[in-house]
Each structure stands twice: as C-alpha cells, then as structure tokens.
Amino acid sequence: MRISVSVDGTVYEDDVEPRTLLVHWLRQGIGKVGTVVGCDTSNCGACTVLLDGRSVKSCSVLAVQADGSTVTTIQGLSTGEEWHPVQTAFKECHGLQCGYCTPGMVMSTVDLLSENPSPSEAEIREGLEGNLCRCTGYHNIVKSVAYAAELMGGGSR
Amino acid sequence: MTEVLDTGTALGRPIRRKEDAKLLHGRTNWTDNIQLPGTLHMAILRSPVAHGRITKLDVSGALSRPNVVAAYGAKELGDLNGSIPCVWPVTDDIFMPGFPALAVDKVRHVGDCVAVVLATDAKHAVDALEAIEVEYDTLPAVVDMEAAIAAGSPLVHDDGSNTCYVYNLGGGYEEAAAQADVVVKRRFINQRLIPAFMEPRAVVAAPMGMSDEITLWSATQIPHVLRVLLALVTGIPENNLRVVAPDVGGGFGGKLQCYREEILVTQLARKLGRPVKWTETRSEDMVATHHGRDQIQDIEIAAKSDGTFLGLKVTLLANMGAYLQIITPGVPLLGMFMYPGIYKMDKYSFTCTGVFTNTTPTDAYRGAGRPEATYAIERIVDELAAELGMDPMELRRKNWIAHEEFPYTTVAGLTYDTGNYEAATARALELFGYDELRAEQAQRRASGDPVQLGIGISTFTEMCGLAPSRTLGALKYVAGGWEHCTVRLLPTGKVEVVTGTSPHGQGHETAWSQIASSILGVPVEDIEVIHSDTGRAPYGMDTYGSRSLAVGGQAIKLASERLVEKARIIAAHQLECSADDLEFVEGTFRVKGDAEKAQPLGAVAFAAFTAHNLPDGVEPTLQAEATVDPEDFSYPHGTHLAAMEVDTETGKVRLRTYVAVDDVGVQVNPMIVEGQVHGGLAQGIAQALYEGAFYDEDGNPQNASLADYLIPSAADLPSFVTDRTVTPSTTHPLGTKGVGEAGAIASTPAIINGIVDALRPLGITDINMPAAPMTVWRAIQAAKAGGAA
C-alpha cells in the first residue's frame with residue numbers, strides 16, 4: 001500500500017506491505033534506526049515515537065495507519081547542536097546507562113510533560129509505566145524527568 | 001542542579017558521560033542497525049517441546065519459498081555444526097555432554113535450535129520456517145532437580161547422567177554442630193531468572209576486505225573471548241577473525257557467552273560467501289538466551305547460645321539446564337567462596353551438585369553465584385537471630401570481621417584485604433532511622449495493625465575483579481583474568497586509550513578517560529577510549545564480574561605512567577637536562593627550579609612523531625602498554641536496609657524505604673557508581689518481589705515473554721537512599737574494588753528478610769520468591785491455620 005508520512009521533518013512516500021509495523025518501516029524502510037525494538041508484546045516501550053504529537057509504541061501501529069501523519073523520533077527531537085531540555089536533563093541526571101530504552105523513555109517523557117508540566121514523583125513513575133529500563137532502576141530517570149520539567153518552566157511538585 | 005564538570009584532572013569527579021550525546025540523539029550503532037549489501041537473514045526453527053526425539057526433519061520445503069536461499073538442519077550442516085564450548089570443567093570427572101549448534105537427533109529444551117532458513121529479508125526467512133517438516137517423538141521431561149538425580153529418572157543426555165558434577169570444599173561442620181548450643185537449618189529456593197537486557201541479541205557476520213577475514217558484529221559482552229572461542233569451534237584461523245561489539249544495550253551476564261547463533265551466523269557467512277544476519281525476537285530471547293540463578297539451597301548454621309558462629313554447611317543443587325554454556329558449571333563455585341559472607345567462623349562444609357534438566361541452560365547473571373550465596377547467608381543469619389531472640393543487627397555485629405582485623409583470611413580461604421563493616425552499618429542505620437522504625441514495628445504489632453512493618457537487613461561482601469590468573473587455573477577455568485591497555489599520544493596531542501574491557505552501559509569511555517586524564521594531565525575530552533573491536537583493540541578479557549575497573553583500571557594506570565616515563569626521557573633531551581630534574585605537573589614537564597624551561601606533553605608527542613631530535617636509543621612514536629594480572633580479588637561490601645510494609649489481609653507488600661550504603665573503595669566517577677548501585681538494586685529487588693522463570697512439569701515455559709515475565713517498571717519501585725563509605729582496596733593500585741553487581745547481590749535478602757520480619761509473629765519463617773501478593777497471602781493463611789509457612 002502507498003503511504004505518505006512526514007518523519008522528523010521529511011515527507012517520505014513508500015509502498016509497504018499492510019502487515020508492516022511502523023517501527024519496522026521506520027528502521028528498515030527509511031533508516032530511522034534511532035528508534036529500536038525491545039520486545040514483541042508491546043511491553044517495553046523502547047520503540048516509542050510521537051505520532052501527531054502524542055506518544056505511541058511504534059510496534060503497535062501499522063505503517064499504513066500512519067499514512068498522512070507526522071512522526072517525530074528521537075532523531076528529530078533536536079538538531080544535535082541544540083538539545084531538547086529532556087535530552088539535557090537525562091544527561092545531567094545520568095538518566096541512561098546502556099541507552100537502549102532511552103529513545104522511548106525520552107519520547108514518552110516529552111509527551112508526559114506536554115500533558116502534565118509539573119508532575120509529582122508518583123505521576124512521573126505512573127506516566128512512564130509503559131517504558132522498561134533494565135539498567136538504571138529508574139531512580140535517575142525519575143530525577144531526569146523532574147529536572148526536565150524544571151528546565152521547561154514547569155518544575156515538579 | 002549540580003554544575004557540569006567537563007574538564008581538568010578528573011579522578012573522583014561526577015563528570016557527565018561522554019557516551020550520552022549519541023545515545024540521547026539516536027545516533028547509535030546497535031548490531032541490528034548494520035545493513036550490508038547482499039545480506040541473508042537467518043531465522044531459526046526452535047523446538048516447541050522440552051524433550052523429544054526428532055523423528056523427521058525435512059527442510060526442503062523452505063527452499064521453494066520466495067526469497068529463500070538456503071535452509072539447514074543438522075544433517076545438511078554437517079561438519080559446520082560446531083559444538084558450543086564450555087570453558088570451566090570444574091572437576092576431573094565432570095560430565096560434559098556435546099552441545100551442537102543445531103540439535104542432532106534429540107531436542108532438550110523448549111527453544112532448542114532445530115533448523116535455520118536464510119532469505120534475502122527477515123520476513124521471508126521467518127515465513128519459510130512453516131514449510132519445514134518436523135516431527136518429534138515426545139519424551140518425558142526432566143524439570144525438577146531432585147527428581148532428575150533420583151534413580152530411574154529419564155536422562156537429558158542418553159550417554160551420561162543427569163548429575164553433571166559434584167564439588168566439595170572445606171569440611172568439619174559436623175564438629176562445629178556437635179559443640180553448638182543451637183543449630184538452624186533452612187531450605188531456600190533461589191529461583192530462575194532471565195537477564196532480559198533491553199537490546200535483544202543480534203549477530204552479523206561478513207566476509208570482508210581483500211583477505212580471508214570474516215568480521216563478526218555481535219551484541220556481546222566478550223568480543224575478545226568470543227574471537228578465541230569462535231576460532232576454536234569453527235576452525236577459522238583466529239588471525240582471520242575480527243569480532244566487534246558495537247553499541248551494546250545491556251548484558252548483565254546474559255551476553256557473556258559464545259552462543260550457538262553466533263557460531264551459525266559465522267559458519268554460514270563463510271560457507272555462502274556473503275553477509276548473514278540474525279536478530280532475535282524477545283520471545284526467542286526468553287527461551288534461548290541463558291538464564292540465571294536456579295538453585296535449591298540447604299543451609300545449616302551452628303552457633304553458641306551467645307550468638308557466636310561456629311560453622312556453616314551448604315548443600316546445593318544447581319540447575320545447569322539442558323546443556324553447558326561458557327561457564328555454566330562454574331557459576332555456583334563463584335558463590336561457594338562467599339557463603340561465609342562477612343563473618344568469622346571455624347568450620348565450613350560446602351557441596352554442590354550440578355544437575356541437567358530439560359530447561360534453558362543457565363549461566364552468569366548479574367552477580368553469578370554471589371547473589372545466591374549472599375541470599376542464603378543473610379537469610380539464615382536472620383533466622384538464627386530469631387531463634388536466639390537477638391536483634392539481627394546485633395548478631396551480625398558480634399560475628400563480623402572487625403575493621404582492625406583486616407587483612408582477614410576467611411574459612412572459605414579468601415583473604416579480604418580491607419573493609420569497615422562498622423562504618424557502613426553506622427551510616428546506614430543513621431540514614432534509615434533504625435530505632436524509630438523498630439519502635440513503629442512494635443507499635444503496629446501491639447495494635448494488631450493489618451499492615452505490619454518489617455525491617456530487612458543485608459550486610460554483604462562480594463568478590464570482584466575477576467581474577468588472578470593462577471587462581472582461575474587452580475579452579476580449572478581455562479582462561480586468565482588479566483587485562484590490557486595501550487595508551488597512545490598522537491602527534492596532535494590527542495590521546496587514544498585502547499582497552500580490553502567491553503562496556504555495554506557502564507560508562508567506560510568516560511571513566512577510563514578520567515583515569516588517563518588524571519595521570520597524563522590531558523583534558524578528558526581530548527581522550528578517546530577505543531574498545532570492543534579486536535581489530536582496533538586486539539588484547540583483552542572483556543567485561544563481567546565487576547572486573548573492568550578493578551582489573552582494567554590498573555592497566556590504564558600503569559600504561560599511562562609508562563607513557564609519561566618515556567615522554568620524560570624525550571622531554572629531558574629536548575630541554576637539555578637530566579630526566580631526574582624534571583617534574584611532571586598538569587600535563588607539562590618542568591625543570592625543577594626553572595619555571596621558564598618547560599615542555600607540554602603534546603609537544604613531546606610531536607617530537608616523538610617527527611623523530612628529528614630524539615635521544616639515542618629512543619624509538620619514535622609515543623605509546624605505552626600494560627597487561628596487568630591482578631594481585632588478588634577485591635572485596636566491596638555494604639549495609640542495606642529495607643523497610644517493608646506487608647498487608648496481612650491481602651498479602652500485598654510495599655517497599656517503603658530502601659537504604660544502601662556501599663563501600664566500593666576509591667570512586668573514579670561517583671555519579672556512575674551511584675547509577676550502578678541503583679540498577680543493581682532494581683534487579684535484586686525484582687528477584688525478591690517480581691521475577692521468576694517457571695516451567696510446568698512437561699518443561700513448558702510458563703512466562704517466557706515480557707507480557708508474562710514481570711520486569712519492574714518505574715511504578716513498581718521507589719527512589720533509593722544511597723551513600724558510600726570509602727575504604728580503599730590495598731590489592732588494587734587505584735584503591736578501587738568494583739561496583740557492577742553490588743546492588744543485585746545485597747538487595748534480595750534485605751527485601752525477604754524484611755517481609756519475614758514483618759510476619760514472624762504469625763510464625764512465618766520463610767517466603768518463597770518472588771514474594772507476589774498471592775504467595776504472601778497463602779503463607780499467611782497457612783500460618784493462621786497452624787500449618788507450616
């Protein structure tokens with residue numbers, strides 16, 4: 001099927017098999033390998049991207065469902081010279097170790113803070129429940145999110 | 001927020017990580033990202049039965065499917081079907097069955113590899129698996145360890161026994177028991193866990209370049225060890241093999257392996273003359289990546305009525321799974337030395353029986369033997385305290401090695417170099433508010449509060465820094481435990497630190513730069529750490545067992561110091577003085593007493609590069625190397641305290657407060673140290689509360705997906721209270737000890753001790769892990785009914 005999707009500022013047109021998952025199209029179809037696959041049951045959240053501004057697990061969306069939409073991945077969140085505050089906060093607070101969950105964790109955080117600019121610790125923990133990390137014990141991820149809220153003018157309660 | 005520290009002499013500072021920029025922008029190089037032209041994708045047909053004879057296997061149907069180029073069973077693979085190596089035959093009479101990459105005649109666990117298909121894309125390879133005709137004659141599965149070693153059990157391997165080995169250490173416990181006023185005996189079940197690193201395994205192999213070289217990219221912790229093993233298994237000359245571990249997304253021991261998939265991909269790339277790639281699904285990972293733990297621990301402690309420990313007896317059944325992987329038999333032995341923990345006693349008797357079952361092979365998982373040992377000793381000490389009516393911390397204090405008694409040789413034969421259990425404990429008690437919590441506990445007990453409070457203690461030590469090579473040899477481990485570093489000063493003043501360690505989340509690029517910077521006086525950002533590629537970093541023993549800093553750090557220090565000494569000779573020549581007249585401060589050689597005469601290290605590097613004016617006998621270029629075999633293990637320790645709330649009406653358990661005070665010796669980067677502690681805590685707490693890989697009696701995995709295997713999320717864990725005391729190691733020149741596994745080792749018994757402490761008034765003396773609400777609730781019901789917990 002023919003799809004047209006804007007990903008990180010570029011419009012891509014492609015023919016995809018209907019069964020192709022969005023994450024597989026991102027990685028293998030257009031080389032957006034910053035978004036990764038961590039499971040096959042939609043539990044880990046490593047593949048989280050923004051679809052029309054809201055976070056989705058890109059393993060639970062078909063590429064054809066994204067037709068006509070705008071996708072933002074970790075690779076499109078900032079230029080690399082200018083960092084997104086969430087990226088800055090994760091580095092400052094040592095919110096990542098191996099970095100495999102990080103793309104999803106960062107994109108989920110962007111969505112969480114857009115919904116709730118001043119989350120409490122409990123709200124942060126519940127808000128990131130769909131993203132698994134095996135390295136950090138979440139302690140510094142929670143700190144990162146709170147610091148990102150502060151950087152973005154919200155602050156955490 | 002704390003300030004950003006990015007430059008300067010760097011040892012001991014919480015410098016933000018160099019690794020993070022690319023990881024936070026998705027500019028990573030995971031193995032699965034590698035897409036070489038002409039790649040064939042491999043898919044694997046795995047056994048759906050735990051134990052069975054393969055009565056029919058015909059792969060030809062797959063060959064007629066679109067885009068399929070090749071398909072193999074064991075018969076078609078022939079001599080290329082290499083046997084997976086085990087490098088730790090722990091006893092002379094160990095039974096080491098063969099472990100072919102593709103099963104021959106029999107399958108022995110769910111997930112065993114039966115056949116492979118190679119196609120031009122992954123989807124077609126997977127689709128074609130259904131065209132393979134395979135039939136099994138299902139055999140009775142061997143799952144329970146005690147049943148496995150009983151007479152008449154079905155055999156996992158027809159040509160041997162389900163007993164892999166029996167290992168004994170020490171003796172004389174019976175004498176101690178005869179003199180004891182009290183003996184406490186328990187059986188603890190240390191359940192099977194799945195490493196579940198976030199990046200699934202992936203392997204790419206390709207014939208490369210003009211030579212006969214095969215390059216293998218693998219999501220592995222051990223590129224150097226893997227290269228040697230692949231050469232031995234495949235017959236490919238080692239000098240034609242290059243192994244690269246690109247960015248690796250976690251390991252925790254699960255990627256410390258020579259996997260059958262790595263052998264298959266390598267062999268088929270060579271045979272077919274084109275790149276071959278395989279990436280596992282998570283569901284494959286849960287049955288095919290090695291598992292950890294899985295021991296039945298019978299432990300007995302003998303003591304005097306005043307609490308003085310006299311002796312310890314440990315009898316283990318250790319589940320090997322269906323086959324022996326790289327160090328499967330040795331994992332319980334890494335724990336063997338640690339059962340006495342931090343305590344003094346005179347007698348110790350240890351016996352371990354390794355048992356084959358129709359389950360996924362086990363091997364190292366974060367802590368590898370030491371979490372099991374720590375769990376058993378810290379649990380039995382609490383049980384003894386209850387028996388004696390003593391405060392469990394008082395009992396520990398009475399028996400632990402006092403700080404002035406170091407170095408101390410334990411009953412298990414290890415010599416602990418340093419430690420200060422008093423200091424770490426005092427700090428932990430202060431942070432925790434121990435006395436206040438005991439008062440609250442008494443009040444809740446008195447008032448019959450449905451939510452009871454328990455205090456869990458774990459005072460632990462572990463052995464890090466694997467390992468002195470002679471010790472490994474004495475234990476029949478077939479490799480050494482050294483580590484290598486080469487430091488190069490490039491003509492432009494930039495530095496390359498080439499290390500044999502292989503990080504996968506630990507921040508070596510940052511921490512190793514800090515060590516080199518502190519010696520060379522070169523800013524951290526001018527140092528590049530080169531690792532995990534046998535082409536660029538040829539020597540190394542890789543990353544596991546909290547060894548990278550403890551052993552690799554020594555090599556970086558020594559190589560950096562040697563480089564400075566070579567540079568000093570060149571600088572003296574240039575400055576026309578004696579080398580002894582030079583001092584080296586902040587990266588510059590200065591003539592003592594003459595501040596004007598100076599040469600920075602970068603200028604020496606350029607002089608060594610041009611070689612226009614070097615002293616006689618000094619070779620051009622400025623580099624130095626060091627290969628260090630550690631003098632001994634190192635022994636980090638700590639005191640961990642958990643406040644556990646247990647709802648006696650529902651069985652729900654809440655971890656209210658967790659305090660961890662660790663002593664890991666000198667810290668190179670305290671931020672990274674703290675992060676390692678946090679992650680370890682989460683995994684250890686997860687064993688206590690959430691995780692466990694279980695099989696039914698037919699050997700079917702019961703929870704082999706991330707939907708069923710409960711890795712805790714952020715909502716399942718609290719923030720932690722952590723602090724450190726610093727007692728430098730005296731056997732490691734940097735004073736460092738190792739921190740990668742500490743949290744995972746210490747926390748599991750702290751949690752369970754806390755739950756049991758909360759429920760002890762009900763007569764409960766143990767709770768099986770994971771302590772899910774149903775498990776706890778049932779224990780409470782059984783206790784109330786007067787039955788055993």
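This is a predicted model, so every value here is computed, not measured.

Rules used in this analysis
Residue positions are given per chain, counting from 1 as you read along its sequence in written order. Chains carry letters and ligands carry numbers; both start at the beginning, A for chains and 1 for ligands, and go up in the order they are written. Given that the model is predicted, a residue must reach a pLDDT of at least 70 before its local features are reported, and side-chain atom pairs must reach 80 or more before they are shown or counted; all residues, however, enter totals for whole chains, interfaces and linings. Side-chain measures were taken over the full set of non-hydrogen atoms in the model, leaving aside hydrogen atoms and water. Here a strand pair is declared whenever DSSP counts at least two bridges between the two strands. Where helices and strands are cited, they refer to DSSP runs of H or I of at least four residues and of E of at least two residues respectively, numbered from the N terminus. Where helices are involved, their axes are fitted lines through C-alpha atoms of the stretch in contact, as for all axes, and angles between N-to-C directions lie from 0 to 180°. The definitions used throughout rest on a 1 Å grid laid over the protein atoms alone, on which a cavity is an enclosed set of points accommodating a 1.4 Å probe that cannot get out and a pocket is an open set flanked by protein within 12 Å on both sides along at least five of seven lines; lining residues are those having an atom within 4 Å of a point. Grid points are joined across faces, edges and corners, and a volume is the space filled by probe spheres set on the points. Classification used: nonpolar for Ala, Val, Leu, Ile, Met, Phe, Trp, Tyr, Cys and Pro, charged for Asp, Glu, Lys and Arg, polar for all others including Gly. Where a domain begins and ends is set by an automatic assignment or by a domain database. Residues count as neighbours in contact if any of their non-hydrogen atoms are within 4.5 Å of one another. The quantity reported as buried area is the accessible area (1.4 Å probe) lost by two parts once they are put together, taken as the sum for both. Whenever Lys or Arg places a side-chain nitrogen within 4 Å of a carboxyl oxygen from Asp or Glu, that contact is recorded as a salt bridge. Counting of polar contacts relies on pairs of N or O atoms within 3.5 Å, with two restrictions inside protein: one atom must be capable of donating a hydrogen and the other of accepting it, and residues adjacent in sequence are counted only when both atoms are side-chain atoms. Each nonpolar core is a collection of buried residues, namely Ala, Val, Leu, Ile, Met, Phe, Trp, Tyr and Cys, held together in the definition by side-chain atoms within 4.5 Å. Under the scheme applied here, a residue whose accessible area is under 20% of the maximum for its type counts as buried, over 50% as exposed, and between as partly exposed, the area being computed with a 1.4 Å probe on protein chains only. In this context, the arc is that of the directions from the helix axis out to the C-beta atoms.

Student: What's the story with the sheet that holds strand β15 (residues 347-356) of chain B in this structure? I'm lost.
Tutor: Remark on secondary structure: sheet strands pair via backbone hydrogen bonds, oriented parallel or antiparallel. Residue and element names in this part refer to chain B. If you trace the five strands from one edge of the open sheet to the other, you get β7-β15-β14-β13-β8, paired in mixed fashion. The open sheet terminates on both sides in strands that have one partner only, identified here as β7 (163-171) and β8 (182-193). The sheet shows a mean angle of 10° between the axes of neighbouring strands, direction not considered. In this sheet, strand β13 (residues 292-303) lies alongside β8 in antiparallel orientation, the contact comprising eleven bridges.

Student: Explain empty space enclosed by the protein to me, please; I cannot follow it from the model alone.
Tutor: All names here are of chain B. Following the criterion strictly, the structure yields nine cavities of 30 Å³ or more and no others. Estimated volume of the largest cavity: approximately 710 Å³. Taken together, 47 residues form the lining of the largest cavity, with Q506, T543, S546, R547 and G740 sitting closest to its centre. Where the lining of the largest cavity is concerned, the elements lending two or more residues are α16 (508-520), α17 (548-575) and α19 (670-689). Residue classes in the lining of the largest cavity are distributed as 23 nonpolar, 19 polar and five charged.

Student: Can you walk me through the domain arrangement of chain B in this structure?
Tutor: By a frequent convention, interface size equals the accessible area lost on bringing the separate parts together. Residue and element names in this part refer to chain B. As far as domains go, chain B holds domain 1 (34-139 + 198-250 + 255-288), domain 2 (292-466 + 632-784) and domain 3 (482-628). Placing the centre of domain 1 and that of domain 3 at their C-alpha centroids yields a distance of 40 Å. Taken together, the contacts link 15 residues of domain 1 with 16 residues of domain 3. Buried area between domain 1 and domain 3, summed over both chains or domains, comes out near 1,200 Å², and the portion from carbon and sulfur atoms is 52%. Three residues, Q221, H224 and R242, lead the burial of domain 1 against domain 3; their summed loss comes to 48% of the area buried on that side. Linking domain 1 to domain 3 there are one salt bridge. Among the ionic pairs, D533 bridges to R242, the shortest N-O distance being 2.7 Å. Applying the counting criterion to the domain 1 and domain 3 interface returns eight residue pairs in polar contact (both at pLDDT 80 or more). Of all the secondary-structure elements, those providing two or more residues to the side of domain 1 that touches domain 3 are α7 (223-234) and β11 (241-244).

Student: Would you mind going over the interface of chain B and chain A with me for this structure?
Tutor: Of the residues lining the interface, 56 residues belong to chain B; the matching set on chain A comes to 47 residues. Overall, the association of chain B and chain A removes approximately 4,500 Å² of surface from exposure, summing both partners, and the carbon and sulfur fraction of that is 56%. Seen at the junction of chain B and chain A, the total is five salt bridges. With its nearest N and O atoms 2.9 Å apart, the salt bridge here joins R19 of chain A to D127 of chain B. Looking at the side of chain B that touches chain A, the elements with two or more residues in it are α1 (20-24), α4 (122-128), α9 (282-288) and α19 of chain B. At eight residues, the largest contribution of residues to the side of chain B that touches chain A is made by α19 of chain B. Of the residues belonging to the side of chain B that touches chain A, the class tally is 27 nonpolar, 19 polar and ten charged.

Student: Explain the nonpolar core here, please?
Tutor: A general tendency of soluble globular proteins is for nonpolar side chains to be buried together. Residues and elements named next belong to chain B. Counting 210 residues, the largest nonpolar core has M42, Y339, Y658, I751 and I755 as the members making the most contacts within it. Considering every element that reaches this core, the biggest residue donor is helix α11 (residues 370-388), with eight residues. In contact with I751, other than residues within four places in its own chain, are A642, M644, L655, Y658, I685, A688 and L689. Membership of the second largest hydrophobic core comes to 41 residues, among which are V487, W512, L582 and F584.

Student: Whenever I open this one, the environment of D417 of chain B confuses me. Can you help?
Tutor: All names here are of chain B. Inspection of the secondary structure assignment puts D417 in the loop between β17 (415-416) and α13 (421-432). Sequence separation of D417 and P407 is ten residues, and the distance between their C-alpha atoms is 4.5 Å. Every residue in contact with D417, bar those within four places of it in the chain, is listed here: F406, P407, Y635, S729, T730 and T731. Side chain to side chain, D417 and S729 meet in a polar contact 2.7 Å long. From its side chain, D417 meets the backbone nitrogen of T730 in a polar contact 3.0 Å long.

Student: When you look at the domain arrangement of chain A in this model, what are you seeing that I'm missing?
Tutor: Residues and elements named next belong to chain A. Here chain A is described as being made up of domain 1 (2-76) and domain 2 (85-151). Of note, the centres of domain 1 and domain 2, computed from C-alpha atoms alone, are 21 Å apart. For the pair domain 1 and domain 2, the two sides together bury roughly 1,200 Å², of which 56% comes from carbon and sulfur. The tally of links from domain 1 across to domain 2 stands at two salt bridges. The interface formed by domain 1 and domain 2 includes eight residue pairs in polar contact (both at pLDDT 80 or more).

Student: I tried to follow helix α12 (residues 392-399) of chain B on my own but got confused; where do I start?
Tutor: In an α-helix there are 3.6 residues to a turn, and that puts residues three or four apart on one side. Residues and elements named next belong to chain B. When we look at burial in α12, the residues that qualify are P392, M393, L395, R396 and N399. For α12, the buried positions fall inside an angular range of 160° around the axis, keeping them on one side. If you check the start of α12, you find a side-chain oxygen 2.8 Å away from the backbone N of M393, and it comes from D391.

Student: Would you mind showing me how to read the sheet that holds strand β23 (residues 588-591) of chain B here?
Tutor: Residues and elements named next belong to chain B. With antiparallel pairing, the three strands of this open sheet are ordered in space as β22-β23-β24. Because the sheet does not close on itself, it has two edges, and the strands there are β22 (582-585) and β24 (594-600). Pairwise comparison of adjacent strand axes, ignoring direction, gives a mean angle of 30° for this sheet. Relative to β23, β22 runs antiparallel, the two sharing four bridges. Residue E583 lies in a different strand from β23, and its bridge partner there is R590. Helix-sheet contacts for α17 involve β22, β23 and β24, and the interaxial angle to β22 is about 125°. Across the sheet, helix α18 (residues 601-610) touches β22, β23 and β24, and the angle it forms with β24 is around 55°.

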